[in-house]
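Structure at a glance
Below, each chain spelled out in residue letters.
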Amino acid sequence: MDWQSFWLTIQLAVLVTLILMIVGLPLAYWIAYSRWRWKFLVESLVAMPIVLPPTVLGFYVLLALGSRSPLGRAWQAMTGHTLAFTFAGLVIGSILYSLPFAVQPLAASFSQVDSRLMAASATLGASRLRTFFRVVLPLSGSGLLTGVALSFAHTMGEFGVVLMVGGNIPRVTRTVSIEIYDQVQAFNYAGANQTALVLLAFSFWSLCLVYGVNRKPWAWPWR
Amino acid sequence: MANAMIPLVEPHLTHRAPPAHGADVLSARIRKRILGAEPAFVLDIDLALAPGFTIVFGPSGAGKTTLLDSIAGLQRPDMGRIAIGGTIFFDSERGVQMPVEQRGVGYVLQDLALFPHMTAEKNVAYALAGLSRQERLQRTAAMLESFRIAHLSARKPGEISGGERQRVALARSLVPGPRVLLLDEPLAGLDAGTKSKIVDDLRAWNGEHRIPIVYVTHHRDEVFALGERVIVLENGRMVAQGTPHEVMTAPRQEMVAQLVGFENIFEAVVRVAEEHRGTMTCRIADSQVELETPLVRAEIGSHLRIGIRAGDILLATVEPYGLSARNVIPGRVVSLEQRDIMVSARVDCGVEMEVQLTLAARDALQLQPGTEVWLIVKTYSCHLMAR
């Protein structure tokens with residue numbers, strides 16, 4: 001059991017979850033409240049990583065980060081090497097891969113907040129921002145928690161995108177799921193089993209913690 | 001708080017209500033197509049609301065909530081102008097639409113919309129965020145006191161009773177000192193005692209803060225309890241206006257009659273008019289029953305509607321003599337139905353009339369289906385309405 005790959009994977013998952021919460025909140029807000037008639041196009045784009053084969057996503061991310069793309073070239077000019085096969089490249093790929101798992105629960109819980117509450121808040125003089133932070137967000141606690149839990153767990157188990165973008169470099173881009181794959185390829189089933197079990201247990205208990213804490217959502221006893 | 005400034009207006013209303021005098025009148029001229037109603041109709045009103053209570057009375061779907069939403073800014077009229085004093089909330093001609101947050105309109109919504117994750121105190125203090133902590137605490141405490149909910153300040157909405165929630169919602173809307181207060185059926189579902197206490201507190205508050213209060217309801221007793229002025233809304237239009245007594249006891253249009261509970265409404269033809277006596281005789285259509293009614297301006301042979309309340313009809317099991325009532329009609333009891341502590345009797349006298357009796361009366365007269373009776377109706381209990 002290579003604890004370094006484990007530690008690397010955790011770092012990846014934490015960073016990606018953090019960034020997704022920052023990026024995902026405004027996006028989810030827009031999806032929940034916008035009435036633009038072409039909104040469905042954006043929603044479909046956001047949902048793509050759920051149905052798209054990870055290798056396809058990974059391939060396109062690799063191209064986008066590589067030395068032939070504008071982004072890759074700009075990065076190379078700044079840092080001297082490409083984004084592909086780096087931890088930073090993994091982060092970018094993982095953000096795209098886990099995006100719907102952060103945005104969708106958030107958007108769902110925002111739109112479940114009673115619009116009359118938001119109307120009341122407005123009549124009491126609160127700006128839209130204040131209404132969001134004082135009324136919508138507190139009442140969407142479960143959505144936030146779900147978004148965090150899913151993004152984290154999903155990133156922990158990522159394989160296809162990581163393989164394409166990361167290149168399996170030990171201590172840099174060799175996540176736990178890649179390691180299991182390697183061990184199986186080398187017929188080291190015992191090692192693979194050990195690693196896999198650790199990942200399984202870890203994922204399960206993370207989720208248990210989150211959902212356990214989230215057991216009492218806001219109730220409306222007088223409705 | 002007597003107010004006879006707005007005269008009773010005849011039914012064909014498309015002209016403006018006369019403006020009331022005094023500070024800060026809310027004027028609302030609104031025209032809005034309401035979709036989703038079946039059939040779709042247009043809200044088309046022109047109101048001038050002076051400080052004090054104005055009741056907006058009407059059935060569900062008449063456009064009352066749309067009216068309130070438009071004043072608050074939650075909905076946007078297609079055309080018109082809404083302003084109070086010198087402040088313009090909405091003006092379609094000049095393209096003015098003031099955002100909700102800036103209007104200073106207090107709005108107690110039908111389901112109260114209290115923030116469930118905040119205590120009563122935090123709910124009430126919500127609109128005071130811009131003030132210093134001390135002033136916020138002071139004003140919140142004073143408002144909680146005057147609505148008698150200070151003891152509930154640490155409780156959440158889910159932990160207090162219906163009447164207490166109403167008070168919190170009221171306190172919350174009033175604490176920032178709004179220019180207008182809008183109340184959408186705020187006392188629904190409360191018992192009479194709780195209602196009257198809340199009404200008293202609200203009146204007291206209004207005595208000190210003279211702002212227009214628009215109170216929407218479809219309950220008759222609330223109209224009498226609170227009303228200085230009543231506006232009746234039906235299908236988006238104002239069909240009657242005046243003091244509660246004027247509007248509710250002598251309605252000029254049938255739609256108002258159905259709302260205020262005339263159990264008996266008949267089509268009738270004018271037969272004889274006796275000008276020197278102030279009465280006329282009408283024959284109920286498709287029958288030989290004739291009623292003597294108050295005189296109104298109508299030609300012989302013209303068609304009217306007569307409304308008689310079930311509670312205004314007396315029954316006798318012996319033919320009565322020497323009565324002042326001008327209408328004594330023989331008939332037969334068809335059915336008797338007990339409703340709580342009253343009895344509703346249907347009597348056939350050529351037309352079927354509904355009569356309301358006490359249980360004691362039914363038993364004393366030993367009424368049963370088939371009993372021969374006489375119906376007694378006073379001239380002034382026959383209310384005439386245009387068709």
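Residues numbered from 1 in each chain as written. Chains lettered and ligands numbered in written order. Predicted model: local features only at pLDDT ≥ 70, side-chain atom pairs only at ≥ 80, totals over all residues.

Observations concerning the overall build of chain B
Note the cut-off: The secondary structure listing takes helices from DSSP runs of H or I that are at least 4 residues long and strands from runs of E that are at least 2 residues long, numbered from the N terminus. Exposure classification rests on a simple neighbour count of other C-beta atoms within 10 Å of a residue's own: a residue reaching 20 or more is buried, one at 12 or fewer is exposed, and one in between is partly exposed. C-beta atoms are placed from the backbone. The contact rule is simple: place each C-beta atom from the backbone, and if two of them lie within 7 Å, those residues are in contact.
Counting secondary structure elements, chain B contains nine helices and 21 strands. Sorting the 387 residues of chain B into buried and exposed places 39% on the buried side. Counting contacts in chain B only where the partners sit at least 6 residues apart, residues at least 24 apart contribute 67% of the total.

Re the overall build of chain A
Counting secondary structure elements, chain A contains eleven helices and zero strands. Starting at the N terminus, the α and β elements of chain A follow one another as α-α-α-α-α-α-α-α-α-α-α. Put simply, of all contacts in chain A between residues at least 6 apart along the chain, 73% involve residues at least 24 apart.

Section: the sheet that holds strand β5 (residues 87-91) of chain B
All names here are of chain B. What counts here: One requirement defines pairing of two strands: DSSP has to find at least two bridges between them.
Taking strand neighbours across the sheet as the criterion, the five strands line up as β2-β1-β4-β5-β6 in an open arrangement whose pairing is antiparallel. Two strands close off the open sheet at either side, each with one partner strand: β2 (41-49) and β6 (96-97). Pairing of strand β1 (residues 26-34) with strand β4 (residues 79-84), which is carried by six bridges, proceeds in the antiparallel orientation. Following the sheet pairing, Ala28 is matched in β4 by Ile82.

Comments concerning the pairing of strand β15 (residues 303-308) of chain B
Residue and element names in this part refer to chain B. Here strand β12 (residues 264-274) pairs with β15 via six bridges, running antiparallel. Bridging from a neighbouring strand, Ile265 pairs with Gly307 of β15. Of the pairings in the sheet, the one linking β15 to strand β21 (residues 383-385) comprises three bridges and is antiparallel in character. In the sheet register, Arg305 faces β21, and the bridge partner there is Met385.

Here's the deal with the sheet that holds strand β11 (residues 237-242) of chain B
All names here are of chain B. Worth spelling out the cut-off: Orientation is described by lines fitted to C-alpha atoms, with helices fitted over the stretch in contact, and by angles between N-to-C directions that extend from 0 to 180 degrees.
Here six strands make up an open sheet; going across it, the order is β7-β8-β9-β3-β10-β11 and the pairing mixed. Strand pairing shows two members of the sheet lacking a second neighbour, β7 (105-108) and β11, which therefore form its edges. Geometrically, the sheet is characterised by an average inter-axis angle of 20° between neighbouring strands, direction not taken into account. Pairing geometry for strand β3 (residues 52-57) and strand β10 (residues 229-234), over four bridges, is parallel. Looking across to β10, one finds that Val56 is bridged to Ile231. Sitting on the sheet, helix α1 (residues 64-72) is in contact with β3, β7, β8 (180-184), β9 (212-217) and β10, with an inclination near 150° to β8.

Comments concerning the packing of helix α2 (residues 39-51) of chain A against helix α5 (residues 87-112) of chain A
Helix-helix packing is described using two parameters, namely the angle between the two axes and the distance between the axes. Residues and elements named next belong to chain A. Threshold: Any angle between 65 and 115 degrees counts as roughly perpendicular, while under 35 counts as roughly parallel, over 145 as roughly antiparallel, and the rest as oblique. Working rule for handedness: look at the near helix, and if it is turned counterclockwise from the far one by less than a right angle, call the crossing left-handed; if clockwise, right-handed. Here the term charged refers only to Asp, Glu, Lys and Arg, the term nonpolar to Ala, Val, Leu, Ile, Met, Phe, Trp, Tyr, Cys and Pro, and the term polar to all other amino acids, Gly among them.
α5 packs onto α2 with a crossing angle of 115° between their chain directions and a minimal axis gap of 7 Å. As far as their axial angle goes, α5 and α2 are roughly perpendicular. Crossing of α2 over α5 shows left-handed handedness. Between α2, through Val46, Ala47, Pro49 and Ile50, and α5, the contact on the second element is made entirely by Leu96, Tyr97, Leu99, Pro100 and Val103. Here the contact of α2 with α5 is built from residues that sort into nine nonpolar, no polar and no charged.

A short note on the nonpolar core
Residues and elements named next belong to chain B. Filter applied, for reference: Think of a nonpolar core as buried Ala, Val, Leu, Ile, Met, Phe, Trp, Tyr and Cys residues, each tied to the set through C-beta atoms within 7 Å.
Formed by 113 residues in total, the largest nonpolar core has its most connected members in Ala171 and Leu182. Each residue touching Leu182, except ones within four places of it in the same chain, is listed here: Leu68, Ile71, Ala72, Val105, Gly106, Tyr107 and Val214. Counting residues in each nonpolar core, the second largest holds 23 residues, with Phe266, Met280, Leu375 and Val377 among its members.

Let's talk about the interface of chain B and chain A
Opposite the 17 residues of chain B that make contact, chain A presents 18 residues. Considering only residue class, the side of chain B that touches chain A consists of twelve nonpolar, two polar and three charged.

Overview of the pairing of β9(B)
Taken residue by residue, a regular strand's side chains alternate between the two faces of the sheet. Residues and elements named next belong to chain B. When you tally the buried positions in β9, you get six out of six residues, the bulk of the element. Alternating positions in β9 separate into two faces, Pro212, Val214 and Val216 on one and Ile213, Tyr215 and Thr217 on the other, with burial throughout. Bridge count for β3 against β9 is six bridges, and the pairing is parallel. In the sheet register, Gly52 faces β9, and the bridge partner there is Pro212.

Topic: the packing of helix α3 (residues 54-65) of chain A against α5(A)
Residues and elements named next belong to chain A. Close contact between α3 and α5 brings their axes to 10 Å; oriented N to C, the two are set at 135°. The angle between α3 and α5 places the two elements in the oblique class. Crossing of α3 against α5: the hand is right-handed. Side by side, α3 and α5 meet where Pro54, Leu57, Gly58, Val61 and Leu65 of the first sit next to Gly89, Ile92, Gly93, Leu96 and Tyr97 of the second. Here the residues of the contact of α3 with α5 sort into seven nonpolar, three polar and no charged.

A look at the environment of Leu314(B)
Residues and elements named next belong to chain B. As for its placement among the helices and strands, Leu314 is situated in strand β16 (residues 313-316). For Leu314, a count of 19 C-beta atoms within 10 Å translates into the label partly exposed. Put simply, Leu314 and Ile376 are 62 residues apart on the chain and 5.0 Å apart in space, counted from C-alpha to C-alpha.

Some thoughts on the environment of Gly52(B)
Relative to the elements of secondary structure, Gly52(B) occurs in strand β3. Sequence-wise, Gly52(B) and Leu181(B) are 129 residues apart; in three dimensions their C-alpha atoms are separated by 9.8 Å.

Things to note about the confidence of the model for chain B
Residues and elements named next belong to chain B. Definition in use: Each residue carries a pLDDT score, the predictor's own confidence in it, on a scale running from 0 to 100.
On average, residues of chain B carry a pLDDT of 84, and 89% of them reach 70 or more. Across chain B, strand β20 (residues 372-377) holds the top mean pLDDT of 95, while helix α8 (residues 254-260) sits lowest at 62. For the stretch residues 1-22, pLDDT sits under 50, and the model shows 36 contacts to residues farther than four places along the chain or on other chains.

What to know about helix α8 (residues 141-156) of chain A
Residues and elements named next belong to chain A. The test is simple: Expected span of a helix: the number of residues minus one, times 1.5 Å.
Spanning 16 residues, α8 covers 23 Å between terminal C-alpha atoms, matching the ideal 22 Å at 1.5 Å per step. Counting buried positions over the 16 residues of α8 gives twelve, a clear majority of the element. Those residues of α8 that sit buried are Gly143, Leu144, Thr146, Gly147, Val148, Ala149, Leu150, Ser151, Phe152, His154, Thr155 and Met156.

With respect to unusual backbone geometry
All names here are of chain B. The residue Leu112 is not glycine, and still its phi comes out positive at about 70°. Turning to its location among the elements, Leu112 is positioned in the loop between β7 and α2 (120-125). A residue is classified by how many C-beta atoms lie within 10 Å of it, and Leu112, with 20 of them, is buried.

Things to note about helix α10 (residues 176-185) of chain A
Here α10(A) has its buried residues at Val176(A), Ser177(A), Ile178(A), Glu179(A), Ile180(A) and Gln183(A). Phi turns positive, to about 60°, at Phe187(A), one or two residues after α10(A).

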